[in-house]
Amino acid sequence: MTEQRTHPAVERVRSALAASGVPAEVVWFDDSAKTAAEAAAAIGCDVGAIANSLVFTLDGEPVLVMTSGSHRVDTAFLGALIGGRLKRADADVVKAATGQVIGGVAPVGHPSPIRTWVDTTLAEYPEIWAAAGHAHTVFPTTFDELVRVTRGTPTPVVAD
């Protein structure tokens, strides 16, 4: 892990975190951490402590689902729970909605607010890690802090 590189998307994430009162502790990796498994291996944490930022469309509107790296979003379950049809967004929608590319999407630092749901499984971990706007970056946070900075709604993303 290395520190203090720069990239425009990462700087927007740092600024958004700072504006929310969160120290911008962005960590850069020499190698990609675009999957939960890669990030967990690089950090040395459980894959479930990785907060994946996944963009979907809910009845055509881009939305963000922060999910634990330990499982996949059940789109039928979550769509029914939040009241619409949930589909995985394509790369163009992700980029337009977040200003970031798949593999490095952060929970913050987007051009405009995105409705967000946060996987309650993440609450099981005292420290969680999220991408920071680039596939080689992460930052540490907590479940409560993630919910606060995203203005997200805590919810299960898979059926029990």
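Each remark here, short or long, concerns the structure printed above.
Below or above, wherever it landed, is the structure these notes cover. Note that the coordinates shown come from a computational prediction; the quantities given were computed from them, not determined experimentally.

### A word on the layout of surface pockets
Computed from the structure, the largest pocket encloses a volume of approximately 540 Å³. As for the largest pocket, its lining consists of 28 residues, of which Lys34, Asn52, Ser53, Leu54 and Arg88 are closest to the centre. Only helix H2 (36-43), strand S2 (50-58) and strand S6 (128-131) provide two or more residues apiece to the lining of the largest pocket. Its residues assigned to classes, the lining of the largest pocket comprises 17 nonpolar, eight polar and three charged. For the second largest pocket, the lining is made up of 14 residues, of which Val108, Pro113, Val149, Thr150 and Arg151 are closest to its centre.

### Quick look at H2
Regarding H2, the residues found buried are Ala36, Ala39, Ala40 and Ile43. Along H2, the residues classed as buried sweep out an arc of 95° about the axis, all on the same side. Turned more than 90 degrees away from the buried face of H2, the exposed residues are Ala37 and Ala41. Residues of H2 that are buried sit in contact with S2, S6 and strand S7 (137-141).

### Concerning the pairing of S6
Side chains Ile128 and Ala130 project from S6 onto one buried face, and the interleaved Trp129 and Ala131 project onto a second face that is buried too. In this sheet, S6 lies alongside S2 in parallel orientation, the contact comprising two bridges. Paired with Ala51 across the bridge in S6 is Ala130. Pairing of S6 with S7, which is carried by four bridges, proceeds in the antiparallel orientation. The partner of Trp129 across the bridge, within S7, is Pro140.

Cut-offs and rules
- Throughout, a residue's number is its position along its own chain's written sequence, starting from 1.
- Residue-level local features of this predicted model are given only where pLDDT is at least 70; pairs of side-chain atoms are given and counted only at 80 or more, and the full residue set underlies all totals for whole chains, interfaces and linings.
- Side-chain measures here rest on the full set of heavy atoms in the structure, leaving out hydrogens and waters.
- Buriedness of a pocket was judged along seven lines, with at least five required to meet protein on both sides within 12 Å; pockets are open sets of points on a 1 Å grid over the protein atoms alone, cavities are sets where a 1.4 Å probe fits but cannot get out, and lining residues have an atom within 4 Å of a point.
- Grid points are joined across faces, edges and corners, and a volume is the space filled by probe spheres set on the points.
- The helix and strand labels rest on DSSP assignments: H or I over at least four residues marks a helix, E over at least two residues marks a strand, and numbering proceeds from the N terminus.
- In the scheme used here, Gly and all other residues not listed as nonpolar or charged are polar, with Ala, Val, Leu, Ile, Met, Phe, Trp, Tyr, Cys and Pro taken as nonpolar and Asp, Glu, Lys and Arg as charged.
- Per-residue accessibility, obtained with a 1.4 Å probe over protein chains only, is compared with the maximum for each type, and a residue is labelled buried under 20%, exposed over 50%, and partly exposed between these values.
- The arc in question is the one spanned by the directions pointing from the helix axis to the C-beta atoms.
- Note on contacts: a residue pair is in contact if any heavy atoms of the two residues lie within 4.5 Å.
- Pairing between two strands requires that DSSP report at least two bridges joining them.

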